[in-house]
Amino acid sequence: MSRLDIITPSFAPDFDRCADLHRSVLAHSPDSIRHHIIVPRADLALFGQLSGARAVIHDEADFLPRSFRSLPGGKFSVNLRRPFPPLRGWILQQIIKLAAAARSDADVVVLVDSDIQFVRPFSADTFRRDGVVRFYRKPDEVDERLPRHVIWHQVARSLLGVPAAVPPYPDYVSSLLAWDPAVVRRLLARVESVTGRRWADAIGANLHFSEWTLYGVYVDEVAGTGTNIDSFRVEDTLCHAYWEETPLDDRAMQEFLGAIQDHDIAVMISAKSRTPTPLRRRALANLSLA
């Protein structure tokens, strides 16, 4: 039987959303699945309320090099080995995801942010088939209309020692993605071999970076040759997502949830939308799926 770990980096402002996510994990997955929640040391007591047989709360410092230190204010950190540029919060979070996935002894990990909730049953077999982990890839989606995505591809190619290419590129970015921990470990070893530096140092030196894109480019350009990865290459995300920064009201929420697809197992309402928590909870609690 395949083993699955869910990994969620979070912090105090997202506690209510993370608590809702964890309840949805318990409601829709088998007892064998563990939810690993990684938070700043200052938030361990708060998130300790979620600790249980299926939830493990981790200090994010356990997944970072000792040379990474927080700066006053909490928005930035610094790598003492290379103090400039400072480490942005979103770069730090991506390094934590990569480190946690690489450390997992499960067959598959699913990276899930706090603003997601599961709404249908799932198991390890949802994300792993015949020994192959589900690989999300949407061809020819990234071009000059998505300039940050283009930069993410360029950075990933540089870190992996892959020749430059011109757009369009595939899109590997989704709100709900599965990784093969063994592939992540090989990916990080590749970054160290190409850059001659610790992988966290090499990634942290970038102002723009996407962990999803790094994994996708590695699978497509390095790991995929001569393997059976293509046997579980997909274009659907399994997650009905709302990415806008405008709050949903009752009517907009009804319209949004009315468009959920039969294959979707989760719903993501971006925390940046500032959708009221009571509305989100009520709407998802009332969501009826066949």
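Being a predicted model, the structure only gives us computed values, none of them experimental.

K.L.:
I'd like a description of the packing of helix α9 (residues 250-258) against helix α10 (residues 277-285), backed by residues and values.
P.N.:
Contact geometry of α9 with α10 gives a least axis separation of 11 Å together with a crossing angle of 40°. Classed by the angle they form, the pair α9 and α10 counts as oblique. Crossing of α9 over α10 shows right-handed handedness. The segment α9 lies against α10, with Asp250, Met253 and Leu257 engaging Leu279, Arg280, Arg282, Ala283 and Leu284. For the contact of α9 with α10, the residue count by class is 5 nonpolar, no polar and 3 charged.

K.L.:
A description of the environment of Ile57 should follow, citing residues and the corresponding values.
P.N.:
With respect to the secondary-structure elements, Ile57 resides in strand β3 (residues 55-59). Residues Ile57 and Gln94, spaced 37 residues apart in sequence, show a C-alpha to C-alpha distance of 18 Å.

K.L.:
Residue-level account of the sheet that holds strand β6 (residues 82-88), with values.
P.N.:
Taken in spatial order, the 3 strands of this open sheet run β4-β5-β6, and their pairing is antiparallel. Two strands lie at the open edges of the sheet, namely β4 (68-70) and β6, each paired on one side alone. Strand after strand, the sheet turns through a mean of 30° between neighbouring axes, direction not considered. Both β4 and strand β5 (residues 76-79) contribute to a ladder of 3 bridges, which runs antiparallel. Within β5, the residue paired with Arg69 across the bridge is Val78.

K.L.:
How would you explain the nonpolar core if you had to name every residue and give the values?
P.N.:
Judged by nonpolar contacts, the single largest core of 45 residues is most densely connected at Ile95, Leu98, Trp179, Trp199 and Leu214. Secondary structure elements with two or more residues in this core: α3 (89-103), β7 (108-112), β11 (135-136), α5 (147-160), β14 (176-179), α6 (181-195), α7 (199-204) and α8 (211-223). At 9 residues, the largest contribution of residues to this core is made by α3. Apart from residues no more than four positions distant in its own chain, Leu214 is found in contact with Leu98, Ala156, Leu159, Leu160, Leu187, Ile203 and Phe209. Membership of the second largest hydrophobic core comes to 21 residues, among which are Ile33, Phe118, Val133 and Ile265.

K.L.:
Outline the pattern of salt bridges, listing residues and values.
P.N.:
Side chains bearing opposite charge may pair, as long as their charged atoms lie close to each other. Per the stated rule, a full pass over the model turns up 18 salt bridges. Between Lys97 and Glu211 there is a salt bridge, and its shortest N-O distance comes to 3.0 Å. Placement of Lys97 in helix α3 and of Glu211 in helix α8 is noted, with a sequence separation of 114 residues between them. For the pair Lys97 and Glu211, one class covers both residues: buried.

K.L.:
So what about the side chain of Thr213? Which residues, and what values?
P.N.:
Mapped onto the elements, Thr213 comes out in helix α8. According to the relative accessible area criterion, Thr213 is buried, its value standing at 2%. Here Ser210 takes part through its side chain, which lies 3.0 Å from a polar atom of the side chain of Thr213. Every residue in contact with Thr213, bar those within four places of it in the chain, is listed here: Trp152, His153, Ala156, Tyr172 and Val173.

The rules behind each value
Residues numbered from 1 in each chain as written. Predicted model: local features only at pLDDT ≥ 70, side-chain atom pairs only at ≥ 80, totals over all residues. Heavy atoms only, no water. Axes fitted to C-alpha atoms, helices over the stretch in contact; angles between N-to-C directions. Helix = DSSP H or I, 4+ residues; strand = E, 2+ residues; numbered from the N terminus. Parallel < 35°, antiparallel > 145°, perpendicular 65-115°, else oblique. Left-handed = near helix turned anticlockwise from the far one by under 90°. Contact = heavy atoms within 4.5 Å. Nonpolar A, V, L, I, M, F, W, Y, C, P; charged D, E, K, R; others polar. Pairing = 2+ DSSP bridges. Core = buried A, V, L, I, M, F, W, Y, C linked by side-chain atoms within 4.5 Å. Buried < 20%, exposed > 50% of the residue type's maximum accessible area, 1.4 Å probe, protein only. Salt bridge = Lys/Arg side-chain N within 4 Å of Asp/Glu carboxyl O. Polar contact = N/O pair within 3.5 Å; in protein donor to acceptor, adjacent residues only side chain to side chain.

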